[in-house]
Amino acid sequence: MTRIRIDRQGSGPALVLLHSLLTDARAFDPVAPRLAARFELHRVWLPGFGGSEPIPDPSPTLFDIAGTLAEALEAAGVTGNEVAVLGNGFGSFVCVAFAATCGDSFGPLIVANGGAAFSPARRAAFTTMSDLVSGSGMGAVVDIAVQRIFAEEYLEAHPSAAEERRAVLLEIDPGSFAASCRALRDMDLRPHLGAIANPTLVIAGGADTTTPPEMGAELAAGLPDAEFITLEGCGHCPPLEHPGAFADAVEDFLDRKPTA
């Protein structure tokens with residue numbers, strides 16, 4: 001079994017956090033103290049990120065990655081209707097695939113900056129990133145990636161954010177990053193949405209150009225029990241950009257869709 005790092009913090013009902021492709025589990029640092037006051041956080045480092053091993057298969061599908069997540073959470077004893085699962089970006093797509101196959105093993109689902117399928121143009125961008133990283137390492141995509149994470153206005157107001165993200169990106173295993181790009185490129189979750197019974201909150205960033213709001217709206221419309229909200233002026237990573245508004249949305253939803 002692929003060894004997956006899961007960091008625990010706080011106490012209360014379990015809340016699993018999955019990061020985006022362009023960050024790592026530290027992206028939740030701005031919201032972790034607040035959320036940990038009410039929930040037991042389980043911050044997952046996806047395969048090839050941080051202390052998590054890469055998946056041996058060089059071309060895993062999104063469902064393969066979700067299966068690895070399911071095994072890791074079961075081994076950690078993090079299962080049951082009292083568990084909520086939240087994903088941002090890449091993590092949100094993994095969460096949806098996880099819900100489609102193992103939705104009865106947890107309760108509420110929160111999808112931040114996700115969707116069900118990418119347009120042809122966005123699929124091509126994942127091919128480009130995969131090829132660049134496979135040929136030249138993570139350094140070949142750091143500048144592109146930073147622009148995809150944040151809204152332009154945020155970068156102007158927080159000039160240190162770009163360097164912080166570059167440092168994080170350079171730590172990612174290039175093979176896992178390239179494989180994840182291909183998994184995102186090839187996915188189409190639309191045929192599986194009707195099988196997801198978990199109450200779901202879909203959060204979109206109004207300034208997100210990587211997974212724009214229309215992708216989140218399409219996802220919410222295809223789910224049997226979903227709410228959709230937009231965080232105006234927010235880019236691809238709301239825990240970093242708009243931690244207060246993001247935590248407000250998470251807590252409000254879980255208060256109404258309790259995990260226990």
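The structure this text deals with has already been given above.
What you are looking at is a predicted structure, and each value in this text was computed from that prediction instead of being measured.

Caption draft 1: Just the overall build of the protein chain, in detail. What the protein chain contains, in helices and strands, is 11 helices and 7 strands. Taking 2.2 N^0.38 as the reference for a compact globule, 260 residues should give roughly 18 Å; the C-alpha atoms of the protein chain span a radius of gyration of 17 Å, in line with that estimate. Along the first, second and third principal axes, the C-alpha atoms of the protein chain reach 45 × 40 × 35 Å. Counting the 260 residues in the protein chain, one finds 55% classified as buried. Residue pairs at least 24 apart in sequence account for 80% of intrachain contacts in the protein chain once pairs closer than 6 positions are excluded. With an accessible surface of roughly 9800 Å², the protein chain has 52% of that area assigned to carbon and sulfur atoms. Treating the 17 positive side-chain charges of the protein chain as one cloud and the 33 negative ones as another, the clouds have centres 1 Å apart.

Caption draft 2: Main features of the packing of helix H2 (residues 62-75) against helix H3 (residues 90-102). Put simply, H2 and H3 touch, their axes get as near as 8 Å, and they point 75° apart. Considering the angle they form, H2 stands roughly perpendicular to H3. Here Leu-62, Phe-63, Ile-65, Ala-66, Leu-69, Ala-70 and Leu-73 of H2 lie close against H3, whose contacting residues are Phe-90, Phe-93, Val-94, Ala-97, Phe-98, Ala-100, Thr-101 and Cys-102. For the contact of H2 with H3, the class distribution of residues is 14 nonpolar, 1 polar and no charged.

Caption draft 3: Just the side chain of Asn-113, in detail. Mapped onto the elements, Asn-113 comes out in the loop between strand E5 (109-112) and helix H4 (120-136). Among the polar contacts listed, one links the side chain of Asn-113 to the side chain of Asp-208, at a separation of 3.0 Å. In contact with Asn-113, other than residues within four places in its own chain, are Asn-88, Gly-89, Ser-92, Phe-93, Ile-203, Ala-204, Gly-205, Asp-208, Thr-211, Gly-235, His-236 and Pro-238.

Caption draft 4: Highlighting the nonpolar core. Ranked by internal contacts, the top residues of the largest apolar core, which has 69 residues, are Leu-21, Leu-62, Phe-177 and Leu-189. The biggest single contributor to this core is H3, with 8 residues. Dropping the residues within four chain positions of it, Leu-189 is found in contact with Leu-62, Phe-63, Phe-93, Val-96, Ala-97, Gly-115 and Ala-116.

Caption draft 5: Structural detail: the pattern of salt bridges. Applying the stated criterion across every chain, the model contains 16 salt bridges. A salt bridge links Arg-190 to Glu-218, with the nearest nitrogen and oxygen atoms 3.9 Å apart. One end of the pair, Arg-190, is in the loop between helix H8 (174-186) and strand E6 (200-205); the other, Glu-218, is in helix H9 (residues 213-222), and 28 residues separate them in sequence. Overall, the relative accessible area of 35% leaves Glu-218 in the partly exposed class. Between Arg-256 and Glu-227 there is a salt bridge whose closest N-O contact spans 2.9 Å. With Arg-256 in helix H11 (residues 243-256) and Glu-227 in strand E7 (residues 226-231), the pair connects residues that are 29 residues apart, well separated along the chain. Given the relative accessible area of 42%, Arg-256 is considered partly exposed.

The rules behind these values
- Residues numbered from 1 in each chain as written.
- Predicted model: local features only at pLDDT ≥ 70, side-chain atom pairs only at ≥ 80, totals over all residues.
- Heavy atoms only, no water.
- Helix = DSSP H or I, 4+ residues; strand = E, 2+ residues; numbered from the N terminus.
- Rg over C-alpha atoms; globule rule 2.2 N^0.38 Å.
- Buried < 20%, exposed > 50% of the residue type's maximum accessible area, 1.4 Å probe, protein only.
- Contact = heavy atoms within 4.5 Å.
- Areas by Shrake-Rupley, 256 points an atom, 1.4 Å probe, with all protein chains shown as cover.
- Lys, Arg positive; Asp, Glu negative; His and termini not counted.
- Charge placed at Lys NZ, Arg CZ, Asp CG, Glu CD.
- Axes fitted to C-alpha atoms, helices over the stretch in contact; angles between N-to-C directions.
- Parallel < 35°, antiparallel > 145°, perpendicular 65-115°, else oblique.
- Nonpolar A, V, L, I, M, F, W, Y, C, P; charged D, E, K, R; others polar.
- Polar contact = N/O pair within 3.5 Å; in protein donor to acceptor, adjacent residues only side chain to side chain.
- Core = buried A, V, L, I, M, F, W, Y, C linked by side-chain atoms within 4.5 Å.
- Salt bridge = Lys/Arg side-chain N within 4 Å of Asp/Glu carboxyl O.

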